[in-house]
Amino acid sequence: MIVVAITGASGVIYGIKLLEALNELKIENSLIISDAAKTVIKSETDYEIEDIIKLSDNYYEFNDLTASINSGSFKFESLAIVPCSMKTLSSIANGYGDNTITRVADVSLKERRCTVIVPRETPLRTAHIKNMLTLSQEGAVILPAMPGFYSNHDTVDDQINFVVGKILDSLNIENNLFKRWE
């Protein structure tokens, strides 16, 4: 099972498209959406929150610290935080698990599960880079939402699919969402 967490950073479409891809590939997933992400979803997309939740097999509330997903005994293969706000990144890097997303990230890292973090901020402060370094040193994959242009993207959807394909690659999930380098 793959856990997908969507935080309140620009680029929520990456998380939504990841859920759609997991559904298409018939891969079980769980979802957490932060309160700020719900606001960004309404601002950046035409998706309804309820429709995004329906893309998941299991949905966990953002502020439910008693949710089973917050325990190391809860089995999941991987976690993708897409997009990851700098606030969430900082909380995870500094061990501050005050919500379901930061708690499940803590579990994923301590249990040495695949953890993919897709930061969505530019430019970056030194503090942001240090937090990414900390998480990278703990085994997280830091995957900024930067499309490679060697695929000759024709549309914004192509650029989104490139990033989602790279996320799936990092989760060791076969996909053909983008043209690979030849």
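Described in the following lines is the structure provided in the data block. (Residues numbered from 1 in each chain as written. Predicted model: local features only at pLDDT ≥ 70, side-chain atom pairs only at ≥ 80, totals over all residues. Heavy atoms only, no water.)

## With respect to the overall build of the protein chain
This is how it is decided: Runs of H or I in DSSP of at least four residues are treated as helices and runs of E of at least two as strands, each being numbered from the N terminus. Only C-alpha atoms enter the radius of gyration, while the globule expectation follows 2.2 Å times N to the 0.38, with N the number of residues. Think of it in three bands: with a 1.4 Å probe and only protein chains considered, a residue is buried below 20% of the maximum accessible area for its type, exposed above 50%, and partly exposed in between. The contact rule is simple, with two residues in contact once any of their heavy atoms fall within 4.5 Å. For the charge count, each Lys or Arg is scored as positive and each Asp or Glu as negative, with His and the chain ends excluded. Every charge is mapped to an atom, namely NZ of Lys, CZ of Arg, CG of Asp or CD of Glu.
On a plain count of helices and strands, the protein chain comes out with 7 helices and 6 strands. Listed N to C, the secondary structure of the protein chain is β-α-β-α-α-β-β-α-α-β-α-β-α in terms of helices and strands. Radius of gyration (C-alpha) of the protein chain: 15 Å, near the 16 Å computed for a compact globule of 182 residues. Counting only residues that meet the buried cut, the protein chain has 50% of its 182 residues in that class. Expressed as a percentage of contacts within the protein chain between residues at least 6 apart in sequence, the contacts between residues at least 24 apart total 74%. Across the protein chain, the mean location of the 17 positive side-chain charges is 6 Å away from that of the 24 negative side-chain charges.

## Regarding the nonpolar core
What counts is decided by this rule: By convention a nonpolar core is built from buried Ala, Val, Leu, Ile, Met, Phe, Trp, Tyr and Cys residues, the set being connected through side-chain atoms within 4.5 Å.
Counting 34 residues, the largest nonpolar core has V4, I6, L18, I52 and I167 as its most contacted members. Of the residues forming this core, the biggest block, 8 residues, is contributed by helix α1 (residues 12-24). Leaving out residues up to four positions away in the same chain, L18 has contacts with V4, A80, V82, V164, I167 and L168. Residues F62, L79, I101 and L109 belong to the second largest nonpolar core, which totals 26 residues.

## Here we look at the environment of A93
Assignment of secondary structure puts A93 in helix α4 (residues 86-93). Considering only alpha carbons, one finds A93 and S136, 43 residues apart in sequence, at a separation of 9.5 Å. What A93 contacts, discounting residues up to four positions off in sequence, is N131, T134 and L135.

## Topic: the packing of α1 against helix α7 (residues 156-170)
As a reminder, the rule being used: All axes are obtained by fitting lines to C-alpha atoms, using only the stretch in contact for helices, and the reported angles, taken between N-to-C directions, cover 0 to 180 degrees. When describing relative orientation, an angle under 35 degrees is termed roughly parallel and one over 145 degrees roughly antiparallel, while 65 to 115 degrees is termed roughly perpendicular and anything else oblique. Should the near helix be turned counterclockwise from the far one by less than a right angle, the crossing is left-handed, whereas a clockwise turn marks it as right-handed. Side-chain classes are defined by residue name, with Ala, Val, Leu, Ile, Met, Phe, Trp, Tyr, Cys and Pro counting as nonpolar, Asp, Glu, Lys and Arg as charged, and the others, Gly among them, as polar.
Taken N-terminus to C-terminus, the directions of α1 and α7 make an angle of 60°; their axes are 9 Å apart at the nearest point. The orientation of α1 relative to α7 falls into the category oblique. For the pair α1 and α7, the sense of crossing is right-handed. Contact with α1, carried on its side by I13, Y14, K17, L18, A21 and L22, involves I160, V163, V164, I167 and L168 of α7 and no other residues of that element. Among the residues making up the contact of α1 with α7, the classes are represented as 10 nonpolar, no polar and 1 charged.

## Quick notes on a negative patch on the surface
Selection criterion: The residues that make up patches have over 30% relative accessible area and no salt bridge, and they are joined within 9 Å when like-charged or within 5 Å when they are Val, Leu, Ile, Met, Phe, Trp or Tyr. Residue exposure ignores everything except the shown protein chains as possible cover, and the areas themselves are Shrake-Rupley values with a 1.4 Å probe. Salt-bridge detection follows one rule: a side-chain nitrogen of Lys or Arg within 4 Å of a carboxyl oxygen of Asp or Glu.
Together, D46, E48, E50 and D51 line one region of the surface with negative charge. In this fold, D46 is placed in the loop between α2 (35-44) and α3 (49-54). Overall, the relative accessible area of 78% leaves D46 in the exposed class.

## Considering the environment of K42
Its location among the elements puts K42 in helix α2. Counting along the chain gives 30 residues from K42 to V12, while the straight-line C-alpha distance between them is 9.9 Å.

## Describing α1
Which entries qualify depends on this criterion: Here, expected helix span is obtained from the residue count minus one, scaled by 1.5 Å.
Taking 1.5 Å as the rise per residue, α1 with 13 residues should run 18 Å; its terminal C-alpha atoms sit 19 Å apart, in good agreement. Inspection of α1 places V12, I13, Y14, G15, I16, L18, L19, A21 and L22 among the buried residues, and these make up the whole buried set. The inward-facing, buried residues of α1 contact β1 (2-6), β2 (29-33), α2, α3, β4 (78-84) and α7. Following α1 by one or two positions, K26 adopts a phi angle in the positive range, close to 60°.

Limitation: the analysis is restricted to geometry and does not speak to function.
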